[in-house]
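# Tertiary structure, described
Each chain is listed here by its residues.
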Amino acid sequence: MIIIDFIKKNVPGILVCAVIGAAAYFTGLKFPVIGGPVSAILFGMIFARLMKNKSAVQNGIKFTSKKILQYAVILLGFGMNISAILARGIQSLPVIIATITTSLVTAFIFSKILHITGKISTLIGVGSSICGGSAIAAAAPVIDADDEEIAQSISVIFLFNICAAVIFPPLGASLGMTNEGFALFAGTAINDTSSVTAAATAWDGLHGSNILPDAAIVKLTRTLAIIPITLVLAVVRMRKEESSGKTGFNFTKIFPWFVLWFILASIITTVFNLGSGTVAPLKWLSKFFIIMAMAAIGLNTDIVKLIKKGGKPILLGFLCWICIIGASLFVQHIMHIW
């Protein structure tokens, strides 16, 4: 009976998100710089304006934007072989720590100056510093961000992903970067995997090199920062709830249990050294779940309102982006990796 009720309430909305997600997925393959998640948000917002009544699918849309988004983060853990990542990415840790710290501090300071709500600034700071959409997907349920705040943050991250993919290869060349230096630069200063891939591929085309694997390893090393960041955000939120004396405070509802499953998935991959044949389908499913969740978020987002309120978040994203670039280059220069 419970299963039948779940199907009646949620499956229609989940199917709508899956169909939009499939269209976005193939669009992302055609235009990798834009990517599937951003395409899904755009398609969702457009489709929402064409729908006269969402009541029949609203429960499924909500389930997709909340639960399936968390399942995506859990599955992401199966692509994290911790020992393999750290074995090759350990030298990038000083740069990664510097860029993450810089982004979070920049987001905090300028959110106060620009009077931007804490949740949007947190998502932009986390997304800029770690891994774009995946980090936002992990942090959003922890801080209880709504769909509009998630869509706004993803849109800001997307804008500077495109800028980085286009600007970084000629910038690195003008600075006289080595192949090793640019791989580290791309992996630490670009926040989305597709844009890291685009920038590294462009560099390889210009210089006849093969830095893409190294840039990807640096990017994966950054992704591991999802674990401590989300746990810290959970603790901060719990303390705020306790200090405010809010009634109905529930530790179990706030704590990001899905992050523990993400860690367990990473441990399983590491301990059993799962091969690509096992991991690849799970990684693909993780990406598609994120795209589905972004479609759901788009369906619950007013595109007109999003555009009207976009100025300050874009400025905050730009400031984070510039400061991350500066931090990455500065630490690399000190470490003589250039």
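The rules we used
In every chain, residue numbers begin from 1 and rise along the written sequence. For this predicted model, a pLDDT threshold of at least 70 governs which residues receive local features, and a threshold of 80 or more governs which side-chain atom pairs are given and counted, while totals over whole chains, interfaces and linings are taken from all residues. The side-chain numbers reported here are obtained from all heavy atoms of the structure, hydrogens and water having been left aside. Numbering of helices and strands runs from the N terminus, with a helix taken as a DSSP run of H or I at least four residues long and a strand as a DSSP run of E at least two residues long. To get the radius of gyration, use the C-alpha atoms; to get the globule rule, take the number of residues to the power 0.38 and multiply by 2.2 Å. Think of it in three bands: residues with accessible area under 20% of the maximum for their type are buried, residues over 50% are exposed, and the middle band is partly exposed, with areas taken using a 1.4 Å probe on protein chains only. Whether two residues are in contact is decided by their heavy atoms: any pair within 4.5 Å suffices. Only four residue types enter the tally: Lys and Arg on the positive side, Asp and Glu on the negative side; His and the chain ends are excluded. Each charge is placed at NZ for Lys, CZ for Arg, CG for Asp and CD for Glu. Only the stretch in contact is used when fitting a helix axis, every axis being a line fitted to C-alpha atoms; angles between N-to-C directions are given from 0 to 180 degrees. Working rule for angles: under 35 degrees goes down as roughly parallel, over 145 as roughly antiparallel, 65 to 115 as roughly perpendicular, anything else as oblique. Here is the rule for handedness: rotate from the far helix to the near one, and if that takes an anticlockwise turn smaller than a right angle the crossing is left-handed, while a clockwise turn gives right-handed. By this rule the span expected of a helix is its residue count minus one, scaled by 1.5 Å. Definition of nonpolar core: a set of buried residues of the types Ala, Val, Leu, Ile, Met, Phe, Trp, Tyr and Cys, connected through side-chain atoms within 4.5 Å.

### Examining the overall build of the protein
Broken down by element type, the protein carries 17 helices and zero strands. In summary, the protein has a C-alpha radius of gyration of 20 Å against a globular reference of 20 Å for 338 residues, a match within 12%. A principal-axis box enclosing the C-alpha atoms of the protein has dimensions of 60 × 45 × 40 Å. With 338 residues in all, the protein has 50% of them scored as buried. Counted over contacts in the protein with a minimum sequence separation of 6, partners at least 24 positions apart contribute 83%. Seen as two clouds, the 25 positive and the 13 negative side-chain charges of the protein have centres 5 Å apart.

### Notes on the packing of helix 3 (residues 58-76) against helix 7 (residues 133-143)
The contact between helix 3 and helix 7 brings their axes to 9 Å, and the two run at 125°. Taken together, helix 3 and helix 7 sit at an angle that is classed as oblique. As for the relative orientation of helix 3 and helix 7, their crossing is left-handed in sense. Between helix 3 and helix 7, the contacting residues are L69, Q70, V73 and L76 on the first element and S134, A137, A138 and P141 on the second.

### Structural notes on helix 2 (residues 36-50)
The terminal C-alpha atoms of helix 2, which comprises 15 residues, lie 21 Å apart, in line with the 21 Å expected from a rise of 1.5 Å per residue. Along helix 2, the residues that are buried comprise G36, V38, S39, A40, I41, G44, M45 and A48. Contacts made by the buried residues of helix 2 are with helix 1 (2-30), helix 8 (147-174), helix 15 (276-299) and helix 16 (303-308).

### Side note on the side chain of S103
Relative to the helices and strands, S103 resides in helix 5 (residues 93-114). Not counting residues up to four positions away in its chain, the partners in contact with S103 are G125, S128, S129, C320 and I324.

### Section: the nonpolar core
By size, the foremost hydrophobic cluster in this structure holds 74 residues, and its most contacted members are L123, I130, I150 and M294. Residue contacts for I130: discarding those within four places in its chain leaves I100, A135, N191, K219, R222, T223, A225, I226 and I229. If you look at the next biggest cluster of nonpolar residues, it comprises 28 residues, including I124, F168, I324 and I325.

### A look at the packing of helix 6 (residues 118-129) against helix 7
It is at 9 Å that the axes of helix 6 and helix 7 come closest, and there the two elements cross at 150°. Here helix 6 is positioned roughly antiparallel relative to helix 7, judged by the angle of their axes. The way helix 6 lies across helix 7 gives a crossing that is right-handed. On the side of helix 6, the interface is formed by K119, T122, L123, V126 and G127, while helix 7 contributes A135, I136, A139, A140 and I143.

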